[in-house]
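These are the residues of each chain, in order.
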Amino acid sequence: MKKLVLVFLGFLFTCFSFAQTLFTYGNHQVSAAEFLNAYNKNKTDSVTTSKALREYLDLYINFKLKVQAAKDLHLDTLPSLIADLQNFRDQVKKNYLTDTNEIQRLEDEAFERGQKDIHSIFYFINTSAEKDSSKAFEKVNHLSELLNSAKKDAEVIQAFNASNQMQAQKQDLGYITVFTLPYQFENVVYSLKPGQVSKPYPARNGYFIFKNVGERHAVGKITVAQILLAVPAGESAVKIKQKSLADSIYGALQNGSDFEELAKKYSDDRNTFMNGGLMPEFGTAKYDSSFENHAFALGHDGQISAPFETEFGYHILKRISAAPVPASKDNENYLYSLKQQVLSDSREQIARKKFITEIKPAVGLKNEAVKKSDLWKVTDSALLQNKPIISGSVNKSTVLFTFNNGQKVKVADWLLYLKSVNRDWGKDAEKAYQQLWPVFIDEYSVENYASRLEKYNSAFKAQIDEFRDGNLLFEIMQRKIWNKASSDTIALKQYFNDHKNKYTWSASADAVIYSCSSAEVAKKLIAEIKRGRNWREIVNENGSTVQADSGRFELGQIPVVERTAFDEGLITLPVINKNDGTAVFAKIIKLYPGDQQRNFDDAKGLVINDYQNYLEQQWVAKLKKKYPVKVNEKVFQSLLGSH
C-alpha cells in the first residue's frame, strides 16, 4: 500500500511538473508541456540525455525570442502571412472535424472483418403485391425463421413462392469481404454465424434476407495472367472447338511453352492479350465466383491452372503474385489503405453524425421558436416567386437558431443555403425543406465549431501555432539575418579578412562531376571522354540525360565507389544510386595539396554561412537583454526524470 501511494504521488508530481512554467522570457511564460511537445516531435534519438535536453532547451529559448521579436514588429499582421495561415488552417481543419475515436473503431472493425471472407446469399422478397405492410413483414419474418430451421432452403423458398403473391428471389454473392457490400448489408452478413439466416432487412419495395453459407480465411489479393477462349452463348459448335483448343494450349504450357506468347496469339480478352494476358490485381468479389475460386486456388507464383469454364468461355490462368491480408497491425501501408477506405466509405458518416451530436452542446446550439408552416411559406415565396413576404412572425430577418459565441442564423441564411442546393423546387418542395432542415442545422453547427477549433482542440491549436510561429521565424530571419548576410558584400569581405585562417582548402582538385540518368548513360559518356571529346559538347548533346558541374572541389566532396588514389586525368568509377538508378562520376583535371588559402570568391559560401551565424549570435544576445530569460531548474530536472 505504501509503495502504491508513493507511485501515485510520483505520478501527481510528474503531471504537476508538466503544467508548471519551465522558463520565462520577459513577461512571457513557456510551460514544460509545451516544451516537451516540441522536443518529442523533433528529437532524433530514442534515448533522452541531459545534454540533449539542455541543448534543445537553448534552441527553443532562442526560437521563442525570435518569434517574439517578429510579433513586436507586427509581422503577424502581414497580409501574406495571414493568407498563408488561413490556407493552412483550411487544409488541416477537416482532419479535426470528425470523431477520431469512432473512426478508429471503424478501422479496427474493418481490420477484423478483413481477416475472413464470407460466402453469402440473399433472398429479396418484393412486398408490393401485399397491401398490408404488417402482414407482409409477418410473412417475411416467418420465412426467415423457416430458413433458419430448415435443411433445404430451396424447398422452403419454393413453398413460400407457391403460397404467396410476394415472391422470393435468390442471389448468390459468392465470397465477399469487408467493403464489398454497402455498410448496412455488411453489418448484417458479418453478424451471422456459418449457416445462419438473418432477420428481414427492410428495403424499398421489400425485404432482404441474408445467409452466411460458409467462411474461409481471407485470401487477400492476387495478380494473374489469363488466356480466354471466348464462347458466345448458345454456340455449341464453337464451345467444342474452344474446349479442344484450350486443352491443346494447356498441354503446350505443360511442355514449357511461353504463357505470354500464347496469350498474345490466342486470348480473346481484348484488354489483356497484348500484355501477355496480365490482369490488374484483384481481390474477393471482383469477378465471377467460379473465376475467383480457380484464381485463388493457385498455390504459388508461376502455377498454371487447367482450363475451366465460365459464362464467358474457357480460361487458363497463371499466378503472377499474391498479397495476403496482414494478420497483425504491423503493416503501416495496409493500415493506411484501410483508413482511406473507411474515410471514403458510407460508414464514415457514422463517425460524422456522432461528432455532430457531440459538438452541438459545446457550441451552444439553441433553436428559436419558429413556426415551420410560416417558414415554409416564406421559403416558397422566395424560391418559387423570388418575392420576399412575411408569414405570421417570420421574415428574412427572423432568427432561426443561435450559438453561444453570439452567432445568429437567420431566415436569409436558410434561403441562401437552399439556393446553393441547386435543385428544382416545383414538386414536393415542403418535403424537401423538411429533409434539408436538419442538414442545414448540422452544417452551421460544424461551421461554428470549426471557426473556434483552437478553443476546443488543443492538438489543432498546437499545429496552427507551430505553423504561425514557423512563418514568423522565417520572415524575421529573412529581414534580420539572411538578406543582410548575403547582400552586404563589404561586411562579408571584412569578415573574411578578419578570419582568413578559417578559409583554407584541404586536399582538392579541379574536376568535372557528371550526373547521368543511368549507369548505361554513364558508361557511354566515359567512353566519349576517353576518346578526347570536349565535355561541354557532350553535355549539350545529351542535356536530358547528363548534367555536369566543373570547379575546384575538396577530395572528400568528389563521389567515389570506394577509397580512391586520385591522379590527374583519373576518371572515377560511377557511383550508382540504388533508389533511382542514376549514376555520378568525376574526371580529375588538376590536384592541389591541402592548407592552401582560399580567395574570397572560393570561400564566399562558407563566409556567408559563418557571417549569418555571427549576426544571429549578436541579435540573440540583444534579445536576451530585452527579454531576460529565467529557467526553472527544478522543473527542468523533473523533465529528465520523466524521460
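Thresholds, definitions, all that
Residues numbered from 1 in each chain as written. Predicted model: local features only at pLDDT ≥ 70, side-chain atom pairs only at ≥ 80, totals over all residues. Heavy atoms only, no water. UniProt positions renumbered as here; feature names shortened; annotations may be inferred. Axes fitted to C-alpha atoms, helices over the stretch in contact; angles between N-to-C directions. Helix = DSSP H or I, 4+ residues; strand = E, 2+ residues; numbered from the N terminus. Parallel < 35°, antiparallel > 145°, perpendicular 65-115°, else oblique. Left-handed = near helix turned anticlockwise from the far one by under 90°. Contact = heavy atoms within 4.5 Å. Buried < 20%, exposed > 50% of the residue type's maximum accessible area, 1.4 Å probe, protein only. Salt bridge = Lys/Arg side-chain N within 4 Å of Asp/Glu carboxyl O. Pairing = 2+ DSSP bridges. Patch = residues over 30% accessible without salt bridge, like charges linked within 9 Å, V, L, I, M, F, W, Y side chains within 5 Å. Areas by Shrake-Rupley, 256 points an atom, 1.4 Å probe, with all protein chains shown as cover. Lys, Arg positive; Asp, Glu negative; His and termini not counted. Charge placed at Lys NZ, Arg CZ, Asp CG, Glu CD. Domains from an automatic or database assignment.

- As annotated in an unreviewed UniProt entry, the chain carries the name peptidylprolyl isomerase and comes from Hanamia caeni.
- Under Catalytic activity (unreviewed entry), UniProt gives the following word-for-word description of the chain: "[protein]-peptidylproline (omega=180) = [protein]-peptidylproline (omega=0)".

### Comments concerning the packing of helix α13 (residues 348-363) against helix α16 (residues 429-451)
Inference 1: It is at 9 Å that the axes of α13 and α16 come closest, and there the two elements cross at 65°. The pairing of α13 with α16 is recorded here as roughly perpendicular in orientation. Here the hand of the crossing between α13 and α16 comes out left-handed. Touching Arg 352, Phe 355, Ile 356, Ile 359, Lys 360 and Val 363 of α13 are Ile 441, Asp 442, Ser 445, Val 446, Asn 448 and Tyr 449, all from α16.

### Focus on unusual backbone geometry
Inference 1: A positive phi angle, close to 75°, is found at Phe 179, a residue other than glycine.
Inference 2: In this structure Phe 179 comes out as buried when scored by relative accessible area, which is 18%.
Inference 3: Non-glycine residue Ala 285 carries a positive phi angle of around 70°.

### Here we look at the pattern of salt bridges
Inference 1: Scanning the model with the defined rule gives 35 salt bridges in all.
Inference 2: With a shortest N-O distance of 3.0 Å, Lys 354 and Asp 99 are connected by a salt bridge. Pair noted here: Lys 354 is in helix α13 and Asp 99 is in the loop between α4 (79-93) and α5 (100-113), with a separation of 255 residues, a long-range link.
Inference 3: With a relative accessible area of 36%, Lys 354 lands in the partly exposed category.
Inference 4: When the shortest N-O distance is used, the salt bridge between Arg 468 and Asp 465 registers 2.8 Å. With Arg 468 and Asp 465 both in helix α18 (residues 458-487) and three residues apart, this pair spans about one turn of that helix.
Inference 5: Connected via shared salt-bridge partners are Glu 102, Arg 105, Glu 109, Arg 113, Glu 186, Asp 345 and Arg 347.

### Some points on the sheet that holds strand β18 (residues 583-592)
Inference 1: A sheet is described by the order of its strands in space; here four strands give the open sequence β16-β15-β18-β17, paired in antiparallel fashion. Of all the strands in the sheet, just β16 (546-554) and β17 (575-576) have a single pairing partner and so form its edges.
Inference 2: By the bridge criterion, two bridges tie β17 to β18 in an arrangement that is antiparallel. Considered in β18, the bridge of Ile 576 is made with Ala 583.
Inference 3: The strands that helix α20 (residues 519-530) touches are β15 (508-516), β16, β17 and β18; relative to β18, the one it contacts most, it runs at about 35°.

### Topic: a positive patch on the surface
Inference 1: A surface patch of positive charge is lined by Lys 480, Lys 484, Lys 622 and Lys 625.
Inference 2: Elements represented by at least two residues in the positive patch include exactly α18 and α22 (600-626).
Inference 3: Here Lys 625 shows up in helix α22.
Inference 4: You can call Lys 625 exposed: its relative accessible area is 72%.

### Here we look at the domain arrangement of the chain
Inference 1: Segmentation of the chain into domains returns domain 1 (116-217), domain 2 (221-323), domain 3 (364-453) and domain 4 (505-597).
Inference 2: On a C-alpha basis, the centroid separation for the pair domain 2 and domain 4 is 51 Å.

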